[in-house]
Amino acid sequence: MEVEQSHINSLLKDMKVITDSPDTKGQCPFTSTFGDKSDIENVIKANDHHGEGDSNNSLLLNEMSAMVNGGQTSPVSKDKDVEENGKDDSDTSNMEDVVVIPESMFTIKISPPGTDAFDLQVSSSELVQEIHQVLMDREDTCHRTCFTLQLEGVILDNFAELKTVEGLKEGSVLKVVEEPYTVREARIHVRHVRDLIKSLDSSDAYNGVDCQSMTFINTIIGDDSRKNNNVDAVDCTPPSYIMPKSKERPLVPLLPSKLENKGPPCMKMVTMSGWNPPPGPRRLHGDLLYLYVVTVEGGTYHITASTRGFFVNQSTLDVFNSKASEPKHLSHSLVELLNKLSPTFRKNFSQLLKKR
């Protein structure tokens, strides 16, 4: 790295090398000679107490030696230039090594248990987790929460991109494999089934459960007087009672105006049983938690959530009996078990999924 002449003169002046006398004003004492590096070094050492440190003196020494020796670059400067050029070349080579894989679309087949396989178009940049979300949104697979996606027996990482999955290509079949439950997974599953059953019910919004609340949007969107067949004449002005300066906030528009939007009743109650938590011996057998269910027909059941799935036990409100009741129904999904226990649930739940 070269130093400008004005900067060198400024440093020399600070070190008392350049004098202000009339005869030699602004000149370096050794510019008229072909002094070598040792001569310059002696001058700098003699004025070292005026300098700014060893680093500045070393840089100045190399540059002045190059000037005195006919403008040749000093060895240190050469080494620095070579080092910097080497860094630039390495950065360029690293940038050239980066290969951008173009995004591509292809179709794969998803094979869930208990239902027909279906085709799904995906992108190479999508995550495996996004396929999980698709399965939880579909009508026939939305009740499943504890499963993995496997390609030829290999479990796929949920946070891996599809283009990094070895062997995944057009027409590949991904199998949905049911996995054993843990206490956490069992609670998530029960909560998910409950949310599906109450997906069209506004009681949680009335009660402020999970930070839910009522909204004016249902009334505004469902107002037939604001709709018009002529697209150009659609009135998008919001009602005056939701404007910031409105003094009156009517509560009637907050309430759903169409009762037919409410889904059909599926279950009267799905809650935790009073026999929780499972005793130690039952935990060793795989019991995770107990549920208490009341069907629309009025039937009451105590259900065991185990590592293998859900089944009805012989407990009552007064007596605890963890043995499976007859006939035995072990289902990996709680929805599948409720479909066997209640015909009304099976009918209304399918209608609810089509409406939501």
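Placed above this text is the structure.
Definitions and limits used
Residues numbered from 1 in each chain as written. Predicted model: local features only at pLDDT ≥ 70, side-chain atom pairs only at ≥ 80, totals over all residues. Heavy atoms only, no water. Pairing = 2+ DSSP bridges. Helix = DSSP H or I, 4+ residues; strand = E, 2+ residues; numbered from the N terminus. Phe/Tyr/Trp six-rings, centres within 6.5 Å; stacked < 30°, edge-to-face > 60°. Lys NZ or Arg CZ within 6 Å of the ring centre and 35° of its normal. Core = buried A, V, L, I, M, F, W, Y, C linked by side-chain atoms within 4.5 Å. Buried < 20%, exposed > 50% of the residue type's maximum accessible area, 1.4 Å probe, protein only. Contact = heavy atoms within 4.5 Å. Salt bridge = Lys/Arg side-chain N within 4 Å of Asp/Glu carboxyl O. Axes fitted to C-alpha atoms, helices over the stretch in contact; angles between N-to-C directions. Parallel < 35°, antiparallel > 145°, perpendicular 65-115°, else oblique. Nonpolar A, V, L, I, M, F, W, Y, C, P; charged D, E, K, R; others polar. Expected span 1.5 Å × (residues − 1). Arc of directions from axis to C-beta.

Chemist: Tell me about the sheet that holds strand E4 (residues 154-155), residues and numbers included.
Modeler: Strand order in the open sheet formed by five strands is E2-E1-E5-E3-E4, and the pairing between neighbours is mixed. Two strands close off the open sheet at either side, each with one partner strand: strand E2 (118-123) and E4. The pairing of strand E1 (residues 105-111) with E2 spans six bridges and is antiparallel. Residue pairing across strands places lysine 109 opposite aspartate 119, the latter belonging to E2.

Chemist: Give a detailed account of the packing of aromatic side chains, specifying residues and quantitative values.
Modeler: Note on aromatic pairs: each is described by the distance of the centres and the angle between the planes. For the structure shown, the criterion picks out four aromatic pairs. Residues tryptophan 275 and phenylalanine 320 carry aromatic rings whose centres are separated by 5.5 Å and whose planes lie at 45° to one another, so their mutual orientation is tilted. Linking tryptophan 275 in the loop between strand E6 (267-272) and helix H9 (280-284) with phenylalanine 320 in the loop between strand E9 (310-312) and helix H10 (334-341), this pair joins segments that are 45 residues apart in sequence. Over the ring of phenylalanine 118 we find arginine 138; its NZ or CZ atom is 3.7 Å from the centre of that ring.

Chemist: How would you explain the nonpolar core if you had to name every residue and give the values?
Modeler: Counting 27 residues, the largest nonpolar core has Ile303, Phe310, Leu338, Phe345 and Phe349 as its most contacted members. Put simply, the parts of the chain that give this core at least two residues each are helix H6 (183-197), strand E7 (287-295), strand E8 (300-306), E9, H10 and helix H11 (343-355). Those residues in contact with phenylalanine 349 that sit more than four places away from it in its chain are Leu196, Ile197, Cys266 and Val335. Phe106, Ile131, Leu151 and Leu156 belong to the second largest nonpolar core, which has 18 residues in total.

Chemist: Hey, could you go over the pattern of salt bridges for me, with residue numbers and the actual values?
Modeler: Considering all chains together, one arrives at nine salt bridges under this definition. The salt bridge involving aspartate 195 is made with arginine 191; its shortest N-O contact spans 3.6 Å. Pair noted here: aspartate 195 and arginine 191 are both in helix H6, with a separation of four residues, about one helical turn. For the salt bridge of arginine 282 with aspartate 287, the shortest nitrogen-to-oxygen distance reads 2.9 Å.

Chemist: Go over the environment of isoleucine 131, please, and point to the residues and values.
Modeler: Checked against the element boundaries, isoleucine 131 lands in helix H5 (residues 128-137). C-alpha separation for the pair isoleucine 131 and leucine 120, spaced 11 residues apart in sequence, amounts to 8.9 Å. In this structure, isoleucine 131 is in contact with Ile108, Ile110, Leu120, Val122, Leu149, Leu162 and Leu174, ignoring residues within four places of it in sequence.

Chemist: So what about the packing of H10 against H11? Which residues, and what values?
Modeler: Across the interface, H10 lies against H11 with an axial gap of 5 Å and an inter-helix angle of 125°. With respect to H11, the element H10 is oriented oblique. Here H10 contributes Val335, Leu338, Asn339 and Leu341 to the contact with H11, which in turn contributes Pro343, Phe345, Arg346 and Phe349. Partitioning the contact of H10 with H11 into residue classes produces six nonpolar, one polar and one charged.

Chemist: Report on the sheet that holds E6, specifying residues and quantitative values.
Modeler: Read across the sheet, four strands follow the order E6-E7-E8-E9 without closing on themselves; strand pairing throughout is antiparallel. Every interior strand has two partners, whereas the edge strands, E6 and E9, have only one. Shown here is a sheet whose adjacent strand axes are inclined to one another by a mean of 25°, direction ignored. Sheet topology places E8 next to E9; three bridges connect them, and they run antiparallel. Across the sheet, threonine 304 pairs through a bridge with phenylalanine 311, a residue of E9. On the sheet, H6 packs against E6, E7, E8 and E9 and is oriented at approximately 15° with respect to E7.

Chemist: Can you break down the pairing of strand E3 (residues 147-151) residue by residue, with the values?
Modeler: Successive side chains on a regular strand alternate, one facing one side of the sheet and the next facing the other. The element E3 is largely enclosed, with a buried count of five among its five residues. The alternating pattern of E3 places Phe147, Leu149 and Leu151 on one face and Thr148 and Gln150 on the opposite face, and all of these are buried. For E3 and strand E5 (residues 173-178), the ladder comprises four bridges, and the chain directions are antiparallel. Its bridge partner lying in E5, glutamine 150 is registered against lysine 175. Judged from the two bridges that link them, E3 and E4 form a sheet pairing that is antiparallel. In the sheet register, leucine 151 faces E4, and the bridge partner there is valine 154. Hairpin connection from E3 to E4: two residues lie between these consecutive antiparallel strands, with glutamate 152 at a positive phi of about 55°.

Chemist: Requested: an account of H6, with residues and values cited.
Modeler: In this model, H6 (15 residues) spans 21 Å end to end at C-alpha, consistent with the 21 Å of a helix rising 1.5 Å per residue. What H6 keeps buried is the set Ala186, His189, Val190, His192, Val193, Leu196 and Ile197. Buried residues of H6, viewed axially, fall in a sector of 160°; they line one side.

Chemist: Please set out the environment of threonine 141 residue by residue, giving values where relevant.
Modeler: When you line up the elements, threonine 141 lands in the loop between H5 and E3. Its relative accessible area of 3% is what places threonine 141 among the buried residues. Along the sequence, threonine 141 and proline 112 sit 29 residues apart, while their C-alpha atoms lie 7.5 Å from each other.

Coordinates in, geometry out; function isn't part of it.
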